[in-house]
Amino acid sequence: MKKTVFFGALTVAGLVAGMASAATLDDVKARGSLNCGVTTGLVGFAAPDANGVWQGFDVGVCRAVASAIFGDPTAVEFVPTTGQTRFTALASGEIDLLARNTTWTFSRDVDLKFEFVGINYYDGQGFMVPKALGVSSAKELDGATVCIQTGTTTELNLADYFRKNNMSYEPVPIETNAEAQQQYLAGACDVYTTDASGLAATRATFEAPADHVLLPEIISKEPLGPLVRHGDSEWGDIARWTLNALIAAEELGVTSANVAELAAAPTNSPEINRLLGTEGELGAQLGLEADWAVKAISAGGNYAELFEKNIGESTPIGLARGLNAQWTEGGLLYSPPFR
């Protein structure tokens, strides 16, 4: 009797879990668009252009996922979120995917019940100061006023760094990057601290970027990546493998310019064939069409194309690939195999 009840409970739990896991994809398809959480505005990563169209490196991830599902990179509603509101928006279902620059940490993964689906930018926390301040190292910042976004990992990192180096500081809490930029330029703080990529992106928007210095110290590891809610494995798989498809495409030489040609018929590369759906059943296993990755790559290009177009060395932001180079080029970027 007890065994029957036990196995019956397992069956019901399994059915409920199965229903829950498919819910997000069903909701997205029924709605006809992906609700994607992004920052309130960080040039190069996620910000509306002069025509109100969202552009950026993180935006590219959103468009790739939408394309994998719908074959349409415009089937996305962008939802601006702050450091304080992003997790509530995801947990409540207001957004389906959070592509905002968010650090993968233990507590966010485990305690907040989120699932990071990968890392799309390896970063670290840095410091920006006016050149006129005459500072060349973060260890010279004792007693400084520091603009810092609330609800972020940078708060604890900053406290730890100053404590470790026996220095004091006065925090100037801000909620958005735009507010930080305004306060910093107005002289309300001596220093702005956040992810180094964010500092580079912010400085690029200044009238005189050369008047501001990024100090050499990087005081933390900030692996940034998209995330979804716990309990929805199928949806997590779609987001995870879409990001992996962009990374693998770069390694395999698949670009937005040649993807259609490569997908027209099987190539002599089994992994390219599996990635592009001309061999195997990977799309069906995700609940998507066979050419889901072709659509994702066509949306904005592979990882390298997204990087170079939005934040690379030829842009005003001027970020080198560094740790974000492919593993074959001495970086950390690496996709599990498509097999």
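Residues numbered from 1 in each chain as written. Predicted model: local features only at pLDDT ≥ 70, side-chain atom pairs only at ≥ 80, totals over all residues. Heavy atoms only, no water.

**Q** Hey, could you run me through the overall build of the protein in this one?
**A** A count of helical and extended segments in the protein gives 13 helices and 14 strands. Taken along the three principal axes of its C-alpha coordinates, the protein extends 65 × 60 × 40 Å. Approximately 15,400 Å² of the protein is accessible, and the part contributed by carbon and sulfur atoms is 55%. Charge separation in the protein, taken as the distance between the mean sites of 22 positive and 40 negative side-chain charges, equals 7 Å. (Helix = DSSP H or I, 4+ residues; strand = E, 2+ residues; numbered from the N terminus. Areas by Shrake-Rupley, 256 points an atom, 1.4 Å probe, with all protein chains shown as cover. Lys, Arg positive; Asp, Glu negative; His and termini not counted. Charge placed at Lys NZ, Arg CZ, Asp CG, Glu CD.)

**Q** Explain the environment of Asn51 here, please?
**A** Mapped onto the fold, Asn51 is located in the loop between β2 (47-48) and β3 (54-55). Classification of Asn51 as exposed rests on a relative accessible area of 69%. Spatially, the C-alpha atoms of Asn51 and Gly32 are 23 Å apart, while their sequence positions differ by 19 residues. (Buried < 20%, exposed > 50% of the residue type's maximum accessible area, 1.4 Å probe, protein only.)

**Q** Teacher, can you tell me more about the pairing of strand β11 (residues 191-195) here?
**A** Within a regular strand, side chains alternate between the sheet's two faces. For β11, the tally of buried residues reaches 5 of 5 residues, placing the bulk of the element in the interior. Relative to β11, strand β8 (residues 125-130) runs antiparallel, the two sharing 4 bridges. Bridge pairing in β11 places Gln125 opposite Asp195. Bridge count between strand β9 (residues 144-149) and β11: 2 bridges; the pairing is parallel. If you follow Cys147 over to β11, its bridge partner there is Tyr192. (Pairing = 2+ DSSP bridges.)

**Q** Looking at this structure, how should I read the confidence of the model for the protein?
**A** Detailed reading of the predicted model is not advised wherever pLDDT is low. In this model, the protein carries a mean pLDDT of 92, and residues with pLDDT of at least 70 account for 94%. In this model, residues 1-21 is a region of pLDDT below 50 whose contacts with residues beyond four sequence positions or in other chains number 7 contacts. (pLDDT = per-residue confidence, 0-100. Contact = heavy atoms within 4.5 Å.)

**Q** What's the story with the state of the cysteines in this structure? I'm lost.
**A** What makes a disulfide is a covalent bond joining the sulfur atoms belonging to two cysteines. The full count for this structure, using the stated rule, is 2 disulfides. Shown here is the disulfide that connects Cys36 with Cys62, its sulfur atoms set 2.1 Å apart. Taking the sign of the torsion about the S-S bond as the criterion, the disulfide between Cys36 and Cys62, at about -70°, is left-handed. You can see Cys36 sitting in strand β1 (residues 34-39) and its partner Cys62 sitting in helix α2 (residues 57-70), a full 26 residues away along the chain. Each member of the pair, Cys36 as well as Cys62, is classed as buried. The disulfide bridge from Cys147 ends at Cys189, spanning 2.1 Å between sulfur atoms. Disulfide Cys147-Cys189: torsion about the S-S bond near -100°, hence left-handed. Residue Cys147 is found in strand β9, and its partner Cys189 is found in the loop between α6 (177-185) and β11; the two are separated by 42 residues along the sequence. Neither Cys147 nor Cys189 differs from the other in exposure class; each is buried. Regarding the disulfides, the protein carries the connectivity 1-2, 3-4 under sequence-order numbering of its bonded cysteines. (Disulfide = S-S within 2.5 Å.)

**Q** Can you walk me through the packing of helix α8 (residues 233-252) against helix α12 (residues 292-300) in this structure?
**A** Think of two packed helices as two axes; the pair is described by the angle between the axes and how far apart they sit. Between α8 and α12, the least distance of the axes is 10 Å, while the angle of their chain directions is 70°. Taken together, the axis directions place α8 and α12 in an arrangement best described as roughly perpendicular. Both α8 and α12 take part in a crossing whose hand is right-handed. For the pair α8 and α12, contact is made by Trp241, Thr242, Ala245, Leu246 and Ala249 and by Trp292, Ala293, Ala296 and Ile297, respectively. (Axes fitted to C-alpha atoms, helices over the stretch in contact; angles between N-to-C directions. Parallel < 35°, antiparallel > 145°, perpendicular 65-115°, else oblique. Left-handed = near helix turned anticlockwise from the far one by under 90°.)

**Q** It is not clear to me how the sheet that holds β8 should be interpreted in this structure. Could you clarify?
**A** Two pairing modes exist for strands in a sheet, parallel and antiparallel, and in both the strands are linked by backbone hydrogen bonds. The strand order β10-β9-β11-β8-β12 describes an open sheet built from 5 strands, whose pairing is mixed. For this open sheet the edge positions go to β10 (169-174) and β12 (212-214), each flanked by a neighbour on one side alone. Sheet twist, expressed as the mean angle between neighbouring strand axes with direction ignored, is 30°. Bridge count between β9 and β10: 6 bridges; the pairing is parallel. Bridging across to β10, Ala144 finds its partner in Tyr169. Contacts from helix α5 (residues 153-164) reach β8, β9, β10 and β11, with the element oriented near 80° to β8. On top of the sheet, α6 reaches β8, β9, β10, β11 and β12; it is set at about 135° to β10, its chief contact.

**Q** Help me out: how do you make sense of the packing of aromatic side chains in this one?
**A** Here a ring pair, both rings aromatic, is described through the centre-centre distance and the interplanar angle of the planes. As enumerated under the stated definition, the model contains 17 aromatic pairs in all. A centroid spacing of 6.4 Å and a plane angle of 80° characterise the contact between Phe57 and Tyr121, whose relative ring orientation is edge-to-face. Separated by 64 residues along the polypeptide, Phe57 in helix α2 and Tyr121 in strand β7 (residues 121-123) bring together distant segments of the chain. On the basis of relative accessible area, Tyr121 is assigned to the buried category, the value being 6%. Relative to Phe307, the ring of Phe57 lies with its centre 5.9 Å away and its plane at 85°, an arrangement referred to as edge-to-face. Residue Phe57 is found in helix α2, and its partner Phe307 is found in helix α13 (residues 303-310); the two are separated by 250 residues along the sequence. Relative accessible area serves as the criterion here: at 0%, Phe307 is assigned to the buried category. Among the aromatic residues, those joined into a cluster by ring pairs are Phe45, Phe57, Tyr121, Tyr303 and Phe307. We note Arg321 situated over the ring of Phe307; from NZ or CZ to the ring centre the distance is 5.3 Å. (Phe/Tyr/Trp six-rings, centres within 6.5 Å; stacked < 30°, edge-to-face > 60°. Lys NZ or Arg CZ within 6 Å of the ring centre and 35° of its normal.)

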